[in-house]
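Examining the three-dimensional arrangement
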Amino acid sequence: MMTKIKPLYENTDTITEDEFERIAETGDILLFLTDHTSGKIQRILTSSDYDHVAMVIRVRGDLMVF
């Protein structure tokens, strides 16, 4: 399995919404690590580094995140 990290995302915690909308492409996977108690419990129970995941889909210029 090959992991590709976009240079802008690598080693950064945040980007602006405008920047995200400009560079996001269909198929991009977003991994989230939250500070919420439920997220922490979920990571413990699943032995995962992340507690949420989303995928970007761009259709006719509209950006959707699922």
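In this report, we go over the structure that sits alongside the text. Within any chain, residue numbers begin from 1 and follow the written order of that chain's sequence. It should be noted that, the model being predicted, local features are given only for residues of pLDDT at least 70 and side-chain atom pairs only at 80 or more, the latter also being counted only at that level, while totals for whole chains, interfaces and linings use all residues. Values reported for side chains reflect all heavy atoms of the structure, with hydrogen atoms and water molecules removed beforehand.

Remarks on the overall build of the chain
- When helices and strands are counted, the chain shows two helices and three strands.
- The order of α-helices and β-strands along the chain, N terminus first, is α-β-α-β-β.
- Residue exposure (1.4 Å probe, protein chains only): buried if accessible area is under 20% of the type maximum, exposed if over 50%, otherwise partly exposed. Within the chain, buried positions represent 18% of all 66 residues.
- Should any heavy atoms of two residues lie within 4.5 Å, those residues are counted as being in contact. Long-range contacts, defined as pairs at least 24 residues apart, comprise 33% of the intrachain contacts of the chain with a sequence gap of at least 6. Secondary structure elements are taken from DSSP: a helix is a run of H or I of four residues or more, a strand is a run of E of two residues or more, and numbering for both begins at the N terminus.

Quick notes on the pattern of salt bridges
- We count a salt bridge whenever a side-chain nitrogen from Lys or Arg sits within 4 Å of a carboxyl oxygen from Asp or Glu. For the structure shown, the criterion picks out two salt bridges.
- For Arg 43, the salt bridge goes to Asp 51, with nearest N and O atoms at 2.3 Å. For the pair formed by Arg 43 and Asp 51, the shared burial category is buried.

Digging into unusual backbone geometry
- Backbone geometry places Ser 47, a non-glycine residue, at a positive phi of 55°.
- On the secondary structure map, Ser 47 appears in the loop between α2 (37–46) and β2 (52–59).
- Not every positive phi belongs to a glycine, and Arg 60 is a case in point at roughly 50°.
- For Arg 60, the location among the structural elements is in the loop between β2 and β3 (62–65).

Overview of the nonpolar core
- Put simply, buried Ala, Val, Leu, Ile, Met, Phe, Trp, Tyr and Cys residues joined by side-chain atoms within 4.5 Å make one nonpolar core. Core analysis: the largest hydrophobic core is formed by five residues, namely Phe 20, Ala 24, Leu 30, Ala 54 and Val 56.
- Setting aside anything within four residues of it in sequence, one finds Val 56 in contact with Phe 20, Ala 24, Glu 25, Thr 26, Gly 27, Asp 28, Leu 30, Leu 63, Met 64 and Val 65.

Focus on the pairing of β3
- In this description, strands pair whenever DSSP reports at least two bridges between them. Direction of pairing for β2 relative to β3: antiparallel, over a ladder of four bridges. Pairing of Val 56 across the sheet is with Val 65, part of β3.
- Adjacent in sequence and paired antiparallel, β2 and β3 are bridged by two residues, among which Arg 60 carries a positive phi angle near 50°.

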